[in-house]
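# Reading the structure
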Amino acid sequence: MCNLLRVATRLPILCTMVIAVAGARPVINEIYYHPPHPDGAEPTAAEWIEIHNPGTADVPMAGWSLTSGIGFTFPEITLPAGGYVIVAADPATFAANYPGAPEPLGPWTGRLSNSGETIRLRNASGDEIDQVDYADEGDWATRARGVLDRGHRGWVWDAPHDGAGMSVELINAALTNNNGQNWTSSPVAGGTPGAANASADSDVAPLIRDLSHSPPVPGSTDSVTISAELRDEADLGSASATLFWRPDGEASFNSLAMNFDGTDRFEATVPPQPDGTVIEFYIEASDGTNVRSWPAPVEGGGQLANALYQVDDSFDPDSLCVPGSQPLYHVIMTDSERAELRQIGETSSRSESNAEMNATFISLESSSIRVRYLASIRNRGASSRTGPPNNQLVKFRSDDPWEGLSSIKFNAQYTHSQVAGSWLYQWLGIEAADSIAVQLRINGADLAEPGGPRMFGSYARTESLDSEFAAAHWPNDPNGNLYQIRDDEVTGDEGDLKYEGQDPDAYKNTYFKQSNTSEDDWTDLIELTRALNNAPSSTYVEELSAVADIDQWLHFLAVDSLVGNREGGLTTGKGDDYVLYRGIEDQRFKLVPHDLDTVLDQGTRSGSPNLSVFTYDDVDGLEEFLQHPEIIPRYYATLLHLLENKYHPELIDPILDRSVGDYASANAVQEMKDFVVARRAGVLNQIPTTYSATTDLPSTSEGYGRTDDGGATFSGEFHAAFTRSVLING
């Protein structure tokens, strides 16, 4: 077997404490990161953080700082032993909300993320004193049944500190505060700033972290070792751990006492099981008084959403080392939840359900193997919801992302078109969701269609369009507003960039914010549509340039047209299937493609190589844009630049070979290459590039036109990309 890096799942992380600890450092002790906002924008000014000194000595904090999610530098203060200091986003708001609390420091810059992020406490030298990676899922929350969604509930994460008016508070300052098991929602509405945490306890059950099973994908002759690390305020020699496991479908769990290695790790071994068996398991840890299990019981009690692995004799570890082999991903559910997900995906009346099933996700790539427990999977898509195979969305706990991502998509519709489209848009200069061809196994089954025209045996693993997408593609300007646009299938409304007034609700059924959602600020989008539709012709370009990157829009439309994107979006004259991004540093909107399963004459809609490059002007908000005399020549110039410099078969053919040539059929790849040649010719034929001028005047013997009344009619052709005006007689 090749040398693979195995990366197991990670189990993550001021009043007088009951016990002061000699030599202890100040700790982040309580966080109020998501104030309630039932009727609109979140009041981020109400956020605050409490720092506690659990030690027996005073700590001077001048020049200390809070960094990462927010920024604040401490003034000349000393944090007394056993004392607290509060740092507020806005001290006036804090004082109004907590009239009896100590006066806070602040304000800070930035804001706290609602889904979780890192907060660092540094001393005046810049050394890190404390770090908390808080979250709203996983160990920071409780698994619970979701609301009924077309007959199915699925699983969600519930945390009262996540927008329900509670803070999240540290339980035991003697243990690591970078583990969600050592935090809980305050039972006091609004939290306890400046006072002892209501849930503070100096004696808690051991924390359970770094759970793993090995091998990640066992065969039927393999025993499986399950291990975990424990942390406790007392010596672990008096602690114990028990593994509970059962083959899926059995009524009761088997139990195994776990062996202690003398440091901090406990392990037990499950005997070999038959091929295809799904094993459900959890660990229970005790210090003799307090007991904790991981995964934790679900809301209402019971071990109903557990860690899972599956026995699979078909898996060959050496296959990951074969050059050119596709990444392999396993999603493992209990059989009942697998059947429920399939039923949702095969029943038209239920296919729109977003109910999520509990799953273990295992990524098996050439360089590493990664396991994520307590992930979730649901069906996704708009018009392509019904399978099999289904498009899938895999989501990861916010305290345990996968490769920095909170979710990934596995698409099953014309996967070679999606992958090739992603590569081409980006190579041609337009940011797009990354997409690669991969293998997916759902409870060991390969559901991909082995031939064409849709899958050729592979899924398209595609980036989700969210704040992580923005950070990856605009790393220097990652915190802007990302809108995904799709039509409303109930009302027929489209996100066609028309101006619909100043009420944000008029836009919310077709424009969907994928970042900064809690701010509920739609003014940028509204101003964009106003400029597109209502700016006077004389100042149209000037006003639009303030809110839209016109050159990028023309570049996007040119690329979109050249690759023959026929998904039901802008190129079909419809406000659907595209994305808008507006940064903080560059506040001009940019266009981003979405859903590329019908490019280069692939998919359900054939692409005409002679299709007009002006089909976009059927979209309300683009009609004036593509008819404006200052913009038309810039559009032609952009098309010509791409045709002359990048949209060449000799440049694009190798990209198609690299991106999809190893799995799509030779005929499909050749069709795509042939379309590039035909589309080049079809677009070039639409761009006037000659110069001529004629008149209706009779010619003199010298060849000059002659008029007896001073009137004359002139006509001619001019290079569409380079001509801005035509002057006659000056």
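Scanning the model with the defined rule gives 32 salt bridges in all. Linking Asp-520 and Lys-508 is a salt bridge whose minimum nitrogen-to-oxygen distance equals 3.1 Å. Here Asp-520 is found in the loop between strand 33 (511-513) and helix 5 (523-534), whereas its partner Lys-508 is found in the loop between strand 32 (481-485) and strand 33, with 12 residues between them in sequence. Here Glu-527 ties to Arg-530 by a salt bridge, and the two come within 2.9 Å at their closest N and O atoms. Here the residue Glu-527 and the residue Arg-530 both occupy positions in helix 5, the gap between them amounting to 3 residues, near one helical turn. Several salt bridges converge on common partners, so that one network encompasses Arg-209, Glu-229, Arg-231 and Asp-264.

To continue, consider the sheet that holds strand 16 (residues 207-214). Pairing within the open sheet is antiparallel, and its 4 strands lie in the order 16-17-21-20. In this open sheet, the two edge strands, each paired with only one partner strand, are strand 16 and strand 20 (259-260). Both strand 20 and strand 21 (residues 265-270) contribute to a ladder of 2 bridges, which runs antiparallel. Looking at strand 21, one finds that Asn-259 is bridged to Glu-267.

This part takes up helix 5. An α-helical turn contains 3.6 residues, so a residue and the one three or four places further along point in the same direction. An ideal rise of 1.5 Å per residue puts 16 Å on 12 residues; helix 5 measures up with 16 Å between its terminal C-alpha atoms. Taken residue by residue, helix 5 has Asp-524, Leu-525, Ile-526, Leu-528, Thr-529, Ala-531 and Leu-532 as its buried positions. Buried positions along helix 5 lie against strand 32, strand 33, helix 6 (540-545), helix 7 (550-562), strand 34 (578-582) and helix 8 (620-623).

As for its placement among the helices and strands, Thr-598 is situated in the loop between strand 35 (590-593) and helix 8. The exposure class assigned to Thr-598 is buried, which follows from its relative accessible area of 1%. The spacing of Thr-598 and His-416 is 182 residues in sequence and 9.7 Å in space, taken between C-alpha atoms. When residues no more than four places from it in sequence are discounted, the contact partners of Thr-598 are Ser-417, Gly-564, Asn-565, Arg-566, Glu-567, Gly-603, Thr-604 and Arg-605.

On average, residues of the protein chain carry a pLDDT of 93, and 96% of them reach 70 or more. Low pLDDT (under 50) marks residues 4-22, which in the prediction has 95 contacts with non-local residues, meaning those over four places away or in another chain.

Direction vectors running N to C along helix 7 and helix 9 (residues 632-645) enclose 55°, while the axes themselves pass 9 Å from each other. As summarised for this structure, helix 7 and helix 9 are arranged oblique, according to the angle between their axes. Helix-helix and strand crossings are classified by hand; for helix 7 and helix 9 the assignment is right-handed. Across the interface between the two elements, Ile-550, Asp-551, Leu-554, His-555, Leu-557, Ala-558, Val-559, Ser-561 and Leu-562 of helix 7 pack against Arg-634, Tyr-635, Thr-638, Leu-639, Leu-642 and Leu-643 of helix 9.

Let's shift gears to unusual backbone geometry. Residue Pro-215 is reached from Ser-214 by a cis peptide bond, and omega for that bond is 0°. You can see Pro-215 is positioned in the loop between strand 16 and strand 17 (224-231). Look at Ser-68: it is not a glycine, yet its phi comes out positive at around 80°. Relative to the helices and strands, Ser-68 resides in strand 5 (residues 65-68). Of note, the phi angle at Leu-497 is positive, near 65°, even though the residue is not glycine. As for its placement among the helices and strands, Leu-497 is situated in the loop between strand 32 and strand 33. Residue class for Leu-497 comes out buried when judged on its relative accessible area of 0%.

With that settled, consider the environment of Leu-497. Distance in space between the C-alpha atoms of Leu-497 and Ser-202 is 58 Å, their sequence separation being 295 residues. Among all residues touching Leu-497, those that are not within four sequence positions of it are Tyr-511, Leu-528, Thr-529, Leu-532, Asn-533, Trp-553, Tyr-578, Leu-580, Gly-621 and Leu-622.

Here we take up the nonpolar core. Counting residues in hydrophobic clusters, the biggest one holds 74 residues, and the most contacted among them are Leu-528, Trp-553, Leu-580 and Phe-625. Considering every element that reaches this core, the biggest residue donor is helix 7, with 8 residues. Once you skip the residues sitting within four places of it in the chain, Phe-625 turns out to touch Leu-532, Tyr-540, Leu-544, Ile-550, Trp-553, Leu-554, Leu-557 and Ile-631. Counting 36 residues, the second-largest nonpolar core is a separate cluster that includes Ala-239, Ala-241, Trp-245 and Tyr-309.

Further remarks concern helix 7. The end-to-end C-alpha separation of helix 7 is 18 Å, in line with the 18 Å expected for 13 residues at 1.5 Å each. For helix 7, the buried fraction is high: 11 of the 13 residues fall into the buried class. Every buried residue of helix 7 is accounted for by Ile-550, Gln-552, Trp-553, Leu-554, Phe-556, Leu-557, Ala-558, Val-559, Asp-560, Ser-561 and Leu-562. A positive phi of about 70° marks Gly-564, the residue just after helix 7.

What follows deals with the environment of Pro-401. Relative to the helices and strands, Pro-401 is located in the loop between strand 28 (392-395) and strand 29 (407-411). The class for Pro-401 is partly exposed, based on a relative accessible area of 22%. Taking the C-alpha atoms as reference, Pro-401 lies 23 Å from Arg-153; in sequence the two are 248 residues apart.

Scanning the model with the defined rule gives 28 aromatic pairs in all. Here Tyr-33 and Tyr-134 contribute two aromatic rings whose centre-to-centre distance is 4.7 Å and whose plane-to-plane angle is 40°, an arrangement assigned as tilted. With a gap of 101 residues between them, Tyr-33 in the loop between strand 2 (27-32) and strand 3 (48-52) and Tyr-134 in the loop between strand 11 (128-133) and strand 12 (142-145) connect regions that are remote in the sequence. With relative accessibility at 1%, the residue Tyr-33 sits in the buried group. Judged by relative accessible area, Tyr-134 falls into the buried class, the value being 2%.

Basis of the calculations
- Residues numbered from 1 in each chain as written.
- Predicted model: local features only at pLDDT ≥ 70, side-chain atom pairs only at ≥ 80, totals over all residues.
- Heavy atoms only, no water.
- Salt bridge = Lys/Arg side-chain N within 4 Å of Asp/Glu carboxyl O.
- Helix = DSSP H or I, 4+ residues; strand = E, 2+ residues; numbered from the N terminus.
- Pairing = 2+ DSSP bridges.
- Expected span 1.5 Å × (residues − 1).
- Buried < 20%, exposed > 50% of the residue type's maximum accessible area, 1.4 Å probe, protein only.
- Contact = heavy atoms within 4.5 Å.
- pLDDT = per-residue confidence, 0-100.
- Axes fitted to C-alpha atoms, helices over the stretch in contact; angles between N-to-C directions.
- Parallel < 35°, antiparallel > 145°, perpendicular 65-115°, else oblique.
- Left-handed = near helix turned anticlockwise from the far one by under 90°.
- Core = buried A, V, L, I, M, F, W, Y, C linked by side-chain atoms within 4.5 Å.
- Phe/Tyr/Trp six-rings, centres within 6.5 Å; stacked < 30°, edge-to-face > 60°.

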